[in-house]
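Chain by chain, the residues:
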Amino acid sequence: MTLQTLSPADQKRRSALAAMPPIERAETDGELRVTYGFRGVNPEQAIRYLEALGGEQVDDRTVEGVGWDAHLSTRVVPVGPSYRLTEVRITWTGDPDAVESVVLRFRLKAFRAPG
């Protein structure tokens, strides 16, 4: 997905997302590994989003697509003194172009329509 194929609204969202860096980002031997955390999206929703982006679920926490795979994990994080949220962490690995494309599309979808 290039900037030219994004709608004007998604171009604005992309700019907002740029302010939120990944938890992890590394590229070695031509493979990109990037991890983001998402609050307000449960694992089942995340898997559906990934499937809608061309992936296929291979087990309860892994989705594979052309040139990329995504592994999901969860953790409970405190929000304020008495409230807890489940954060879904997704680690994508694979071809850098494929990973960059699916990560951007996933983040835009999660940003637009959590829940």
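Note: the structure precedes this text.
First things first, this report covers the structure right here in the doc. These numbers come from a predicted model, not from an experiment.

Quick notes on the rules
- Residues numbered from 1 in each chain as written.
- Predicted model: local features only at pLDDT ≥ 70, side-chain atom pairs only at ≥ 80, totals over all residues.
- Heavy atoms only, no water.
- Phe/Tyr/Trp six-rings, centres within 6.5 Å; stacked < 30°, edge-to-face > 60°.
- Buried < 20%, exposed > 50% of the residue type's maximum accessible area, 1.4 Å probe, protein only.
- Helix = DSSP H or I, 4+ residues; strand = E, 2+ residues; numbered from the N terminus.
- Contact = heavy atoms within 4.5 Å.
- Core = buried A, V, L, I, M, F, W, Y, C linked by side-chain atoms within 4.5 Å.
- Polar contact = N/O pair within 3.5 Å; in protein donor to acceptor, adjacent residues only side chain to side chain.

1. Some points on the packing of aromatic side chains
Considering all chains together, one arrives at five aromatic pairs under this definition. Here the aromatic rings of Tyr36 and Phe38 are separated by 6.4 Å at their centres, their planes lie at 45°, and the arrangement is tilted. Neither residue differs from the other here; Tyr36 and Phe38 are each classed as buried. For the pair Phe38 and Phe106, a centre-to-centre distance of 4.9 Å together with 70° between the ring planes defines the contact as edge-to-face. Placement of the pair is Phe38 in strand β2 (residues 31-39) and Phe106 in helix α3 (residues 96-112), with a sequence separation of 68 residues. Residue Phe38 is classed as buried on the basis of its relative accessible area, which comes to 10%.

2. Let's talk about the side chain of Thr62
Position of Thr62 among the secondary structure elements: in strand β4 (residues 62-65). Thr62 sits in the buried class, given a relative accessible area of 13%. In contact with Thr62, not counting residues within four places along its chain, are Glu56, Gln57, Ala70 and His71.

3. Remarks on the nonpolar core
Core analysis: the largest hydrophobic core is formed by 23 residues, its most contacted members being Phe38, Leu50, Trp68, Ile90, Trp92 and Phe106. Secondary structure elements with two or more residues in this core: β2, α2 (43-52), β5 (68-79), β6 (83-94) and α3. Of all the elements, α3 adds the most residues to this core, at six residues. Ignoring anything within four residues of it in the chain, the contact list for Trp68 reads Leu50, Leu53, Gly54, Gly55, Val63, Trp92, Thr93, Gly94, Ala98, Val99 and Val102.

4. Looking at the environment of Arg89
Examined against the element boundaries, Arg89 turns out to sit in strand β6. Arg89 sits 14 residues away from Arg75 along the chain, and the two C-alpha atoms are 7.9 Å apart. Excluding its chain neighbours within four sequence positions, the residues that come into contact with Arg89 are Ile23, Tyr36, Gly37, His71, Leu72, Ser73 and Arg75. There is a polar contact of 3.1 Å between the side chain of Arg89 and the side chain of Glu87.

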